[in-house]
Amino acid sequence: MLNLDSEIQYLKGIGSRRAQLFAKLGIKIVEDFLTFFPAQYQDRTKIISIKDIYKNLQGCIFVKVGKSCKRQFSQGLSILDIEIFDDTSMTYARFFRKNNPYSNIDVFATIRKAFEVGKFAYIYGDAKLERGERFISVNDYEIVQNEADKPLLFDKIVPVYSATEGLSQKFIRETVKTIVESSCMLYPDISNLIPRFDSIPTLQSSVAIQKIHYPNTLEDAENARRSFALQEFFILECALSLSRNNLKKNPKIQKYEIRKTLLTTFKNNLKFEFTRDQKKAINDIFADMQNIYPMNRMLMGDVGSGKTVVALSAALLAVENGYQTMIVAPTEILAEQHYLTILNMLEGLDVKIVLATSSTLKKKSEREKILAGFADDDIKIAIGTHALIEDRVKFKNLSLIIVDEQHRFGVMQKFAALDKAKSPDILMMTATPIPRALAMTVYGEMDMTTITQLPPGRTPVKTYSSNEQIAYTNTIKELKNGNQAYIVYPIIDESDKLALKSAVDESKKLPQTWFKDFKVGLLHGKMQPSEKNEIMRKFKNKEFSVLIATTVIEVGIDVPDATIMIIQHAERFGLSALHQLRGRIGRSSKQSYVYLIGSFNNEAAQKRLSIMTSTSNGFKIAEEDLKMRGPGELMGAAQHGFPEFKAGDLIKDADIIEFTKNHACEIAENDPDLSKNENIVLKNLISKYFLHKTKLINVG
Ligand code: ADP
Ligand code: MG
């Protein structure tokens, strides 16, 4: 008996060699076949004339077969041209086959046999004009005896699947079809749990699966896809909702009251007013902290939007109430930068803070002093790297954990699970703006606050597509005014394969040529962390005017006098990477400039260039990036654990996500352990797909 988990190599007609090829397409078990949805469709419902196919360039024709003629095309390749006719015109149907030099078997035997003169053929293909020859490159065909005979593979919408070398489209189609027909009924269904939404038809999952593979119309296919997506997102949102409720289940111990003993002085010391968004963020956070359940909030805001003061306000509320806070940054240099900024902002306030990184904890005497300070509550705010997570770090009164620049799904659990505090309030911060729909799935288990406006008085960075001559000349002008510049390269070392300029190479050339009057530094990913820190520190202290770098320049790094960034081979960077890089400059009221240098000779690169030069809105850029590249890449390859959707589309289905989120909350509220009979399938689905990702869910 076949079940959803049956491995496909044991299925009839597959075997281990083909199973390996299917594995490349992500298909390992029967279930994977069911949800191996078509990458696109061929609409073979419309038959067009030969004349029209040369206008449409692709389509379906119905023709009478004439003579065929084989020709050697090149050493390894033969072509077979078959005359075909309809009422409008005559042309050739062309097939290509590789020659086998060791055999004289006619590679076209089957095709010749099928295309008998006088028979009729349905052909789906591409109309081509190459080297003065017009022909139809045949994608698929079906021969019928008589003009009136009904075709099997034509007159319908045909699925087109992603294929891989060694597996033909035909074989994939047939295999999928056999399995969908025999097994789609086994697919779990929760359509009965989901209220009707909008115009999406309520389809049982097995029906939706069938219709996605074999729709009657393209509209049918889209409706079925949306219906399946509804179930997919519903399962995800339920998982997230349950996980969130579980976190909130245990009331916390710490209590905060806004005493203003520190907060008011802090606010008065600042040289600026909070922006509207900062005020809202602080309100959200204070409300969370005063709630009886632990805070679990994500603060999202573009680079430079001013998240640090928001975080610091939260820390001071904790300190005012006699608790300790830890602020964790992903790298030493960011931790150090936070430390210095915060030290500065807390001047005149009686709050002891310490920088705890592997460097500052290295020396035994220093380490003991710091650890003792945490343990006896002398130090109120610990700022550091992951070194703070180590077991030996113990706090007397820790109540708040702030994690900066961390946007990885699942990281939060790690912090919640830390036993440095009983029920800590957690605030995560990220400068990677992502579209709302994506955020709801990635951060679905957290409450969310977004800072959308930048502090006033910033001069927006000007971005140009440029050449070296202009970029370097303008850079020198800026350097002479005491400003600094980054020059970013996509690769570290010279590469034989790619004719690209590299950071190391150019760091040798440029100080001899363009920048001989200036100090030039080099920073790249192969350097030791301590070496990188040293270089960044020197750049910040203006010991270098120019920093040649790869993309390692940290998110969040603040060098106010860096007003120029030149990005070499900019066509090789994705939109988000370009935006993140751009965020390193424009960090003061001075005008800053980005020069994108590269050859933007394909459509995608052109599009990226035009987006970069026309907007600096991180959310807009993220959305465009998502459209161009898909969510997986957007979140980065290291984004492990990001849920994968078989039918769901984070852009087209944003409305579905919003809808399922609300209904998922209801279910989680009414049946927190999913113990009711009607929720049993849902419960199984959640433990199957999400248990390993959202460990805090109490089901399964
Ligand atoms: P990010 O959100 O990228 O962490 P930061 O907190 O580092 O941003 O803030 C960037 C800069 O903006 C800092 O120099 C900070 O002092 C300044 N800043 C923050 N809030 C305001 C404000 N409301 N008005 C003016 N400047 C501000
Ligand atoms: Mg920051």
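Preceding block: the structure.
Every value quoted in this text rests on a predicted model; they were computed, and no experiment measured them.

Analysis parameters
- Residues numbered from 1 in each chain as written.
- Chains lettered and ligands numbered in written order.
- Predicted model: local features only at pLDDT ≥ 70, side-chain atom pairs only at ≥ 80, totals over all residues.
- Heavy atoms only, no water.
- Helix = DSSP H or I, 4+ residues; strand = E, 2+ residues; numbered from the N terminus.
- Buried < 20%, exposed > 50% of the residue type's maximum accessible area, 1.4 Å probe, protein only.
- Contact = heavy atoms within 4.5 Å.
- Lys, Arg positive; Asp, Glu negative; His and termini not counted.
- Charge placed at Lys NZ, Arg CZ, Asp CG, Glu CD.
- Axes fitted to C-alpha atoms, helices over the stretch in contact; angles between N-to-C directions.
- Parallel < 35°, antiparallel > 145°, perpendicular 65-115°, else oblique.
- Left-handed = near helix turned anticlockwise from the far one by under 90°.
- Phe/Tyr/Trp six-rings, centres within 6.5 Å; stacked < 30°, edge-to-face > 60°.
- Lys NZ or Arg CZ within 6 Å of the ring centre and 35° of its normal.
- Core = buried A, V, L, I, M, F, W, Y, C linked by side-chain atoms within 4.5 Å.
- Domains from an automatic or database assignment.
- Salt bridge = Lys/Arg side-chain N within 4 Å of Asp/Glu carboxyl O.
- Polar contact = N/O pair within 3.5 Å; in protein donor to acceptor, adjacent residues only side chain to side chain.
- Near = heavy atom within 4 Å.
- Areas by Shrake-Rupley, 256 points an atom, 1.4 Å probe, with all protein chains shown as cover.
- Nonpolar A, V, L, I, M, F, W, Y, C, P; charged D, E, K, R; others polar.
- Pairing = 2+ DSSP bridges.

K.L.:
Give a description of the overall build of the protein that names residues and reports values.
P.N.:
Of the regular secondary structure elements, the protein holds 23 helices and 21 strands. Structurally, the protein occupies a C-alpha span of about 95 × 75 × 45 Å along its principal axes. Here the protein holds 700 residues, and 54% of them are scored as buried. A sequence separation of at least 24 residues applies to 73% of the contacts in the protein between residues at least 6 apart. For the protein, the separation between the mean place of its 94 positive charges and that of its 84 negative charges on side chains is 3 Å.

K.L.:
Lay out the packing of helix H18 (residues 575-582) against helix H19 (residues 603-614) with the relevant residues and their values.
P.N.:
Across the interface, H18 lies against H19 with an axial gap of 10 Å and an inter-helix angle of 30°. Here H19 runs roughly parallel to H18, going by the angle between their axes. Crossing geometry of H18 relative to H19 is assigned as right-handed. Between H18 and H19, the residues in contact are Leu-575, Leu-578, His-579 and Arg-582 and Arg-608, Ile-611 and Met-612, respectively.

K.L.:
So, the packing of aromatic side chains: which residues are in play, and what are the values?
P.N.:
One pair of aromatic rings is described through two measures. These are the centre distance and the angle between the planes. Enumeration over the complete set of coordinates arrives at 21 aromatic pairs. When the ring of Phe-96 is compared with that of Phe-135, the centres are 6.4 Å apart and the planes differ by 65°; the resulting orientation is edge-to-face. Of the two residues, Phe-96 sits in strand E5 (residues 90-98) while Phe-135 sits in strand E7 (residues 133-144), which places them 39 residues apart along the sequence. Here the aromatic residues Phe-62, Phe-120, Tyr-122 and Phe-154 are joined through ring pairs into a cluster of three or more. Across from the ring centre of Phe-171, 4.1 Å away, lies the NZ or CZ of Arg-18, which sits over that ring. A cation over an aromatic ring shows up here: Arg-134 above the ring of Tyr-54, its NZ or CZ 3.9 Å from the ring centre.

K.L.:
Break down the nonpolar core for me, citing the residues and quoting the values.
P.N.:
Phe-266, Leu-346, Ile-381, Tyr-486, Met-536 and Ile-567 are the most contacted members of the largest nonpolar core, which totals 96 residues. Taken domain by domain, this core gets at least three of its residues from each of domain 2 (271-451) and domain 3 (462-615). Sequence-distant contacts of Tyr-486, that is, excluding residues within four places in its chain, are made with Met-536, Phe-539, Leu-547, Ile-553, Ile-557, Val-559, Ala-562, Ile-564, Met-565, Ile-566, Arg-584 and Ile-585. Of all hydrophobic cores here, the second largest spans 59 residues; its members include Phe-197, Ala-439, Tyr-443 and Ile-667.

K.L.:
Can you explain the environment of Ile-597? Please cite residues and give values.
P.N.:
Within the secondary structure, Ile-597 is located in strand E21 (residues 593-597). Residues Ile-597 and Ile-292, spaced 305 residues apart in sequence, show a C-alpha to C-alpha distance of 54 Å. Excluding anything up to four places from it in sequence, Ile-597 contacts Ser-466, Asn-467, Glu-468, Ala-471, Ile-566, Ile-567, Gln-568, His-569, Ala-570 and Glu-571.

K.L.:
Any details on unusual backbone geometry? Residues and values, ideally.
P.N.:
In terms of backbone geometry, most residues other than glycine have negative phi values and most peptide bonds are trans. Of note in this structure, His-569 is not a glycine but carries a positive phi near 50°. Positionally, His-569 belongs in the loop between strand E20 (562-567) and H18. A positive phi is found at Leu-674, a non-glycine position, where the angle reads about 50°. Looking at where Leu-674 falls in the secondary structure, it is placed in the loop between helix H22 (654-670) and helix H23 (680-689). Accessibility expressed as a relative area gives 0% for Leu-674, which makes it buried.

K.L.:
Go over the pattern of salt bridges with me, naming the residues and quoting the values.
P.N.:
Considering all chains together, one arrives at 34 salt bridges under this definition. Among the salt bridges present, the one from Asp-284 reaches Lys-280, with a minimum N-O distance of 3.0 Å. Of this pair, Asp-284 and Lys-280 both sit in helix H9 (residues 276-290), four residues apart, roughly one helical turn. Given a relative accessible area of 17%, Asp-284 falls into the buried group.

K.L.:
Provide a residue-level description of the side chain of Thr-475, including the pertinent values.
P.N.:
Residue position: Thr-475 is located in helix H15 (residues 468-480). Since its relative accessible area comes to 0%, Thr-475 is described here as buried. Leaving out residues up to four positions away in the same chain, Thr-475 has contacts with Ala-485, Phe-515, Ile-564 and Ile-566.

K.L.:
An account of the side chain of Arg-608 is needed here, citing residue identities and associated values.
P.N.:
Within the fold, Arg-608 resides in helix H19. The charged side chain of Arg-608 is buried without a salt bridge, its nearest counter-charge being Asp-625 at 6.8 Å. Within the structure, the side chain of Arg-608 is placed 3.1 Å from the backbone oxygen of Phe-573, a separation counted as a polar contact. Once you skip the residues sitting within four places of it in the chain, Arg-608 turns out to touch Glu-571, Phe-573, Gly-574, Leu-575 and Met-628.

K.L.:
Give me the site of ligand 1: which residues, what numbers.
P.N.:
Not every one of the 16 residues close to ligand 1 is listed here, only the nearest: Glu-273, Gly-304, Lys-307, Thr-308 and Arg-458. Here a nitrogen atom of ligand 1 and a backbone polar atom of Glu-273 are 2.7 Å apart. Side-chain polar atom of Gln-278 to a nitrogen atom of ligand 1: 2.8 Å apart, as the coordinates give it. Computed on the free molecule, ligand 1 has an accessible area of 570 Å², of which 82% lies beneath the protein chains in the complex.

K.L.:
Which residues make up the packing of H9 against helix H10 (residues 307-320), and what values go with them?
P.N.:
The relative placement of two packed helices is expressed as an angle between their axes plus a distance between the axes. Running from N to C, H9 and H10 cross one another at 30°; their axes reach a closest spacing of 9 Å. In terms of their interaxial angle, H9 and H10 are classed as roughly parallel. Judged by the twist between their axes, the crossing of H9 over H10 is right-handed. Packed against H9, whose contacting residues are Gln-278, Ala-281, Ile-282, Ile-285, Phe-286 and Met-289, the element H10 presents Val-309, Val-310, Ser-313, Ala-314, Leu-317 and Ala-318 at the interface. Looking at the contact of H9 with H10, its residues break down into ten nonpolar, two polar and no charged.

K.L.:
Before we move on, can you summarise the sheet that holds strand E19 (residues 546-549) with the specific residues and values?
P.N.:
Strand order in the open sheet formed by six strands is E16-E21-E20-E17-E19-E18, and the pairing between neighbours is parallel. The open sheet has two edge strands with one neighbour each: strand E16 (462-466) and strand E18 (520-523). Sheet twist, expressed as the average angle between the axes of neighbouring strands with direction ignored, equals 20°. Bridge count for strand E17 (residues 484-488) against E20 is five bridges, and the pairing is parallel. Counted as the bridge partner of Gln-484 is Ala-562 from E20. Docked against the sheet, H19 engages E16 and E21, running at close to 145° with respect to E16.

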